[in-house]
Amino acid sequence: MRLHSGRELNGVDDQWEGWEMTKDGIVTPAGQLLNADQIITGAYLVSLNCEEDRLAKRDVLKFSRLIQGRKKNRH
């Protein structure tokens, strides 16, 4: 019900655990609010996909998920 009301994205896929939607945008598990412009900009930057960016993206995602996992284990 909460997924269908647009508040939680957990039910979509495990990757969306902890993400939420608000009227102002999407909230990351770390509590950062992303508006539509930020999401579009991020998607565009990722789509450029040069080798250096791919390596940086891989590292950022790896460490972000590691940090998020540690935060979950504390609760």
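It should be emphasised that the depicted structure is a prediction, and the values quoted were computed from it without experimental measurement.

**So, the pattern of salt bridges**
Link 1 in the chain: By the definition in use, this model includes 1 salt bridge.
Link 2 in the chain: Note that Arg-58 is salt-bridged to Asp-59, the shortest N-O span being 3.3 Å.

**Some thoughts on the sheet that holds strand 1 (residues 20–22)**
Link 1 in the chain: Judged by pairing direction, the sheet is antiparallel, and its 3 strands sit side by side in the order 1-2-3 without closing on themselves. Either end of the sheet is taken by a strand with one partner, and the two such strands are strand 1 and strand 3 (33–34).
Link 2 in the chain: As paired strands, strand 2 (residues 25–27) and strand 3 are joined by 2 bridges and run antiparallel to one another. Bridge pairing in strand 3 places Ile-26 opposite Leu-34.

**So, the layout of surface pockets**
Link 1 in the chain: Its volume calculated, the largest pocket comes out at about 1,200 Å³.
Link 2 in the chain: What lines the largest pocket is a set of 30 residues, among which Trp-19, Thr-28, Leu-34, Leu-61 and Ser-64 lie closest to the centre.
Link 3 in the chain: Those elements giving two or more residues to the lining of the largest pocket turn out to be helix 1 (36–48) and helix 2 (51–74).
Link 4 in the chain: Take the lining of the largest pocket: its biggest share by element is 12 residues, from helix 2.
Link 5 in the chain: Grouping the amino acids of the lining of the largest pocket by side-chain chemistry returns 13 nonpolar, 9 polar and 8 charged.

**Section: the environment of Thr-28**
Link 1 in the chain: As for its placement among the helices and strands, Thr-28 is situated in the loop between strand 2 and strand 3.
Link 2 in the chain: Residues Thr-28 and Trp-16 lie 12 residues apart in sequence; the distance between their C-alpha atoms is 8.9 Å.
Link 3 in the chain: Look past the residues within four positions of Thr-28 in its chain and what remains in contact with it is Gly-18, Trp-19 and Leu-34.

**Describing a nonpolar patch on the surface**
Link 1 in the chain: Taken together, the side chains of Tyr-44, Leu-45 and Leu-48 present a nonpolar region at the surface, about 330 Å² in accessible area.
Link 2 in the chain: Overall, the relative accessible area of 52% leaves Tyr-44 in the exposed class.

**Here we look at helix 1**
Link 1 in the chain: With 13 residues, helix 1 extends 19 Å between its outermost C-alpha atoms, agreeing within 8% with the 18 Å of an ideal straight helix rising 1.5 Å per residue.
Link 2 in the chain: Capping the start of helix 1, Asn-35 holds a side-chain oxygen 3.0 Å from the backbone nitrogen of Asp-37, two or three residues further along.
Link 3 in the chain: Phi turns positive, to about 55°, at Asn-49, one or two residues after helix 1.

What counts and how
Residues numbered from 1 in each chain as written. Predicted model: local features only at pLDDT ≥ 70, side-chain atom pairs only at ≥ 80, totals over all residues. Heavy atoms only, no water. Salt bridge = Lys/Arg side-chain N within 4 Å of Asp/Glu carboxyl O. Pairing = 2+ DSSP bridges. Helix = DSSP H or I, 4+ residues; strand = E, 2+ residues; numbered from the N terminus. 1 Å grid on protein atoms, 1.4 Å probe; cavity = no way out; pocket = protein on both sides within 12 Å on 5 of 7 lines; lining within 4 Å. Points joined across faces, edges and corners; volume = space filled by probe spheres on them. Nonpolar A, V, L, I, M, F, W, Y, C, P; charged D, E, K, R; others polar. Contact = heavy atoms within 4.5 Å. Patch = residues over 30% accessible without salt bridge, like charges linked within 9 Å, V, L, I, M, F, W, Y side chains within 5 Å. Areas by Shrake-Rupley, 256 points an atom, 1.4 Å probe, with all protein chains shown as cover. Buried < 20%, exposed > 50% of the residue type's maximum accessible area, 1.4 Å probe, protein only. Expected span 1.5 Å × (residues − 1). Polar contact = N/O pair within 3.5 Å; in protein donor to acceptor, adjacent residues only side chain to side chain.

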